[in-house]
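Spelled out, the chains give:
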Amino acid sequence: MAAKRLVSLTPLATVQGPVGEAASTAIASINSELELWNGIQNIIYGLSLGSVLLLAAIGLAITFGVMGVINMAHGEMVMIGAYTTFVVQQIIRVSAPGLFDYSLLIALPAAFLVSGAIGVVIERGIIRFLYGRPLETLLATWGISLVLQQATRSWFGASNVQVGSPSWMSGSFDVGMLTLTWSRLWIIVFALAVFATLQLVLKKTMLGLRMRAVTQNRRMASSMGIRTPWVDALTFGLGSGIAGIAGVALSQIDNVSPNLGQGYIIDSFMVVVFGGVGNLWGTLVGAMSLGIANKFLEPFAGAVLGKIFVLVLIILFIQKRPRGLFALKGRAIEA
Amino acid sequence: MLTVENASLHYGAAQALRGVSLEVKPKSITCVLGRNGVGKTSMLRAIVGQHPLSSGSISFDGTVLGKKPPYDRARAGIAFVPQGREIFPLLTVRENLATGFAAAKRGNRNVPPEVFELFPVLKTMLGRRGGDLSGGQQQQLAIGRALVTRPRLLVLDEPTEGIQPSIIKDIGRAIRFLRDQTGLAILLVEQYLDFCRELADHVYIMDRGEIVHSGDAASLDKPEVRKFLTV
């Protein structure tokens, strides 16, 4: 609309006299308005990209940030969550087509349980023998990630599977001069909801308290009667389950293929390290600022170069502040 | 109640305990004295399950503890106040206390009132982070946290280390109160002789990984016993 007005005004601006001047000021005001909306659009798209990053990274913030396990199979937990969505939708299509609009709501707990259970099995079966040995953990979990990808490929085929969107996720709406899709908006809301729930679990539940106690002093936590092996397994399961939930959301905006997880693993580690290891708020702020930075750089540098630019910035930032954006401070840390 | 029999413990090739035997009776305070590096802390580590014995045995209430992990021992009724206190630095005082619920029976998941009676300062600091407390306050919190698990044996490793005299007095009063009022057995490792002499019902002295003396608190004044404690 504004663009149309701009086109019709442009020839008039070259006319001498009051008409030309009026046209010029009108063009200037339209341009500044367009710039403003462009900025707003960048911020909203950035928040939406940031929410995707947040969803992918928040489970990792638990397994890597809280437990210190370098889990290269984290992306595959996301992928398993997306495939769980696919399976749930297939079952609904066959047995209860009327429920299709609720398929994502049904897929959420299902994905949490499937990915969480696989996480617990991985922790009990492999990772618990490797605590304190980061290099071996990295190699072992990388192996697990390849196994899970190949297993998915053998079961569901190498090509993308079709995950549908319920009606309330599709379509778009206008705000001012912007057109926003519902899926973009829902993902922002959903990411924040997952974040808030996780904070609540960590701060208000008995499991959360025990998780934090074990992280801060494993030996003492054990002497307080906390069954540390259970807490380890459940913490890893929680991180993996949340990755599964992220997979449900990502199935709506990305191709669901066995490689889905690989695209997110680097970004996830980047967000967690940038935000400050062991700090969920850091993960939130880190994800959002990386998302917005990406979107503002894209118009100037293009998507690929913009990403490279962001990576370089993070490398420089980590040199300066190795503990990330929100390093924990205070007397409590030295104790 | 707690019996250590002929216990030996190694850190790699270094031997920290050489055939230590001792006994802690219910409703009594047992004190272990000795210079630095004679194996006092190692013995406590073995009792609470944080380090395995290489030979010998430890039994609690007649059952051999063997390879039981620390959390099972805590659940069986052994509470530990370690050297350096080891408060969870980022948990609040309230949360630090609540970690003890893990070992308490289901109906007992609360902070027993005597914790705040003995250490009223904790009540005013419930919302503070444990790591932000002073050393003396942390020590009181560490003892309070141990009491939340409703122990039958309280194991304390140098509770007076680096603490001002008035709080040492409070801690001494608390230990005596716990023995007299709740019938707790207390095993106390110390370097501070006067503190032990005042409190102990029975004392052991360790030197180079062995028990070299066993007797009542008055026996600490004999010169042949003193020679183990002077540097």
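This text follows the structure it describes.
Visitor: Would you take a moment to explain the sheet that holds strand E7 (residues 153-157) of chain B for this structure?
Guide: Within a sheet, neighbouring strands are paired by backbone hydrogen bonds and run either parallel or antiparallel to one another. Residue and element names in this part refer to chain B. Pairing within the open sheet is mixed, and its 6 strands lie in the order E6-E7-E8-E3-E9-E10. This sheet does not close on itself; its edge strands, each paired only once, are strand E6 (78-81) and strand E10 (210-215). When strand polarity is set aside, the average angle formed by the axes of neighbouring strands in this sheet is 20°. Pairing between strand E9 (residues 202-207) and E10: 5 bridges, direction antiparallel.

Visitor: Please explain the pattern of salt bridges as it appears in this structure.
Guide: Between side chains of opposite charge, a pair can form when the charged atoms approach closely. What the rule picks out here adds up to 16 salt bridges over all chains. Here Asp 267 of chain A makes a salt bridge to Lys 307 of chain A, at a shortest N to O gap of 3.1 Å. A residue pair is termed long-range when its members are at least 10 positions apart, and Asp 267 of chain A in helix H10 (residues 262-275) and Lys 307 of chain A in helix H11 (residues 280-320) qualify at 40 residues. You can call Lys 307 of chain A partly exposed: its relative accessible area is 33%. The closest approach of N and O atoms between Asp 132 of chain B and Arg 129 of chain B, which form a salt bridge, is 3.5 Å. Among the charged side chains, a network of salt bridges with common partners joins Asp 194, Arg 197, Asp 221 and Arg 226 of chain B.

Visitor: Explain the state of the cysteines here, please?
Guide: Any covalent bond linking the sulfur atoms of two cysteines counts as a disulfide. Residues and elements named next belong to chain B. Scanning the model with the defined rule gives 1 disulfide over all chains in all. Here Cys 31 engages in a disulfide with Cys 196; their sulfurs sit 1.9 Å apart. Of this pair, Cys 31 sits in strand E3 (residues 29-33) while Cys 196 sits in helix H8 (residues 193-199); the two residues are 165 residues apart in sequence, bridging distant segments of the chain. Just as Cys 31 is buried, Cys 196 falls in that class too.

Visitor: Would you take a moment to explain the interface of chain A and chain B for this structure?
Guide: Size of an interface, as often reported, equals the accessible area lost when the parts are brought together. At the interface, 25 residues of chain A touch 30 residues of chain B. When chain A packs against chain B, close to 2500 Å² is buried across both sides, 57% of that on carbon and sulfur atoms. Sorting the residues of chain A by area buried against chain B places Gln 216, Arg 219 and Met 224 of chain A first, and these three jointly supply 26% of that buried surface. For the pair chain A and chain B, the number of links is 2 salt bridges. With its nearest N and O atoms 2.7 Å apart, the salt bridge here joins Arg 219 of chain A to Glu 86 of chain B. At the junction of chain A with chain B, the criterion picks out 8 residue pairs in polar contact (both at pLDDT 80 or more). If you tally residues by element for the side of chain A that touches chain B, the top one is helix H7 (residues 206-216) of chain A, at 6 residues. Looking at side-chain class alone, the side of chain A that touches chain B contains 12 nonpolar, 6 polar and 7 charged residues.

Visitor: How should I be thinking about the packing of H7 of chain A against helix H9 (residues 228-250) of chain A in this particular structure?
Guide: For any two helices packed against each other, the geometry is given by the interaxial angle and the distance between the axes. All names here are of chain A. Viewed as axis vectors pointing N to C, H7 and H9 meet at an angle of 110°, and their least axial separation amounts to 10 Å. In this view, H7 runs roughly perpendicular relative to H9, as classed from their interaxial angle. Taken together, the residues of H9 that come into contact with H7 (itself represented by Leu 207, Arg 210, Met 211 and Val 214) are Thr 228, Val 231, Asp 232, Leu 234, Thr 235 and Leu 238. Residue composition of the contact of H7 with H9, grouped by class: 6 nonpolar, 2 polar and 2 charged.

Visitor: Would you mind going over a nonpolar patch on the surface with me for this structure?
Guide: All names here are of chain A. Nonpolar side chains collect at one region of the surface, where Leu 99, Tyr 102, Leu 105, Ile 106, Trp 168, Trp 182, Leu 185, Trp 186 and Val 189 lie side by side and expose about 790 Å² of accessible area between them. Looking at the nonpolar patch, the elements that each hand over two or more residues are helix H4 (103-125) and helix H6 (182-204). Ranked by residues supplied to the nonpolar patch, first place goes to H6 with 4 residues. Secondary-structure assignment places Trp 168 in the loop between helix H5 (134-156) and strand E1 (172-175). The exposure class assigned to Trp 168 is partly exposed, which follows from its relative accessible area of 31%.

Visitor: How should I be thinking about the packing of aromatic side chains in this particular structure?
Guide: In this description, a pair of aromatic rings is defined by centroid distance and the angle of the planes. What the rule picks out here adds up to 9 aromatic pairs over all chains. Judged by centre distance (4.8 Å) and plane angle (45°), the ring pair of Tyr 83 of chain A and Phe 156 of chain A falls under tilted. Within this pair, whereas Tyr 83 of chain A is found in helix H3 (residues 74-95), its partner Phe 156 of chain A is found in helix H5, the two being separated by 73 residues in sequence. Among the residues examined, Tyr 83 of chain A registers a relative accessible area of 3% and is labelled buried. Aromatic pair Tyr 192 of chain B and Phe 195 of chain B: ring centres 6.0 Å apart, planes at 5°, arrangement stacked. Here a set of aromatic residues connected by ring pairs shows up, and it is made of Tyr 83, Phe 86, Trp 155 and Phe 156 of chain A. Between the NZ or CZ atom of Arg 184 of chain A and the centre of the ring of Tyr 45 of chain A, over which it lies, the distance is 4.0 Å. Across the ring face of Trp 230 of chain A, the terminal group of Arg 227 of chain A is positioned such that the distance to the ring centre comes to 4.9 Å.

Conventions we followed
Residues numbered from 1 in each chain as written. Chains lettered and ligands numbered in written order. Predicted model: local features only at pLDDT ≥ 70, side-chain atom pairs only at ≥ 80, totals over all residues. Heavy atoms only, no water. Pairing = 2+ DSSP bridges. Helix = DSSP H or I, 4+ residues; strand = E, 2+ residues; numbered from the N terminus. Axes fitted to C-alpha atoms, helices over the stretch in contact; angles between N-to-C directions. Salt bridge = Lys/Arg side-chain N within 4 Å of Asp/Glu carboxyl O. Buried < 20%, exposed > 50% of the residue type's maximum accessible area, 1.4 Å probe, protein only. Disulfide = S-S within 2.5 Å. Contact = heavy atoms within 4.5 Å. Buried area = accessible area lost by both parts, 1.4 Å probe. Polar contact = N/O pair within 3.5 Å; in protein donor to acceptor, adjacent residues only side chain to side chain. Nonpolar A, V, L, I, M, F, W, Y, C, P; charged D, E, K, R; others polar. Parallel < 35°, antiparallel > 145°, perpendicular 65-115°, else oblique. Patch = residues over 30% accessible without salt bridge, like charges linked within 9 Å, V, L, I, M, F, W, Y side chains within 5 Å. Areas by Shrake-Rupley, 256 points an atom, 1.4 Å probe, with all protein chains shown as cover. Phe/Tyr/Trp six-rings, centres within 6.5 Å; stacked < 30°, edge-to-face > 60°. Lys NZ or Arg CZ within 6 Å of the ring centre and 35° of its normal.

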